[in-house]
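Examination of the molecular architecture
As a plain string of letters, each chain reads:
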Amino acid sequence: MASHMGHKRSSSPKDLEEEDPVDAMINKTGCLKLHYAVQECIGEKRDWRLCQNEVTEFRKCMEGGMKKSQK
């Protein structure tokens, strides 16, 4: 699956051992599941504008995660 950044998650055993750096960063915020929800929605609907609920929830999570890391 390609993400908004153009990287792909591979399912080969070697690639599974190496976590995507974007996924790793987002995982630290606790928002990885919401990130995947945005990707899935965009993949299904082919238009991010139709995924505003998912985008909004992800944005709120990321904003909360950034505030926590700044303390």
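This paragraph deals with helix H2 (residues 21–29). If you check the start of H2, you find a side-chain oxygen 2.7 Å away from the backbone N of Val22, and it comes from Asp20. In the stretch just after H2, Gly30 is the one whose phi turns positive, near 85°.

Okay, the confidence of the model for the protein next. Mean pLDDT for the protein: 80, with 68% of residues reaching 70 or above. The least confident element of the protein is helix H1 (residues 13–17), whose mean pLDDT is 53; the most confident is helix H3 (residues 32–45), at 97. Across residues 1–13, where pLDDT falls below 50, the model places 19 contacts with residues more than four positions away in sequence or in other chains.

About the thresholds
- Residues numbered from 1 in each chain as written.
- Predicted model: local features only at pLDDT ≥ 70, side-chain atom pairs only at ≥ 80, totals over all residues.
- Heavy atoms only, no water.
- Polar contact = N/O pair within 3.5 Å; in protein donor to acceptor, adjacent residues only side chain to side chain.
- Helix = DSSP H or I, 4+ residues; strand = E, 2+ residues; numbered from the N terminus.
- pLDDT = per-residue confidence, 0-100.
- Contact = heavy atoms within 4.5 Å.

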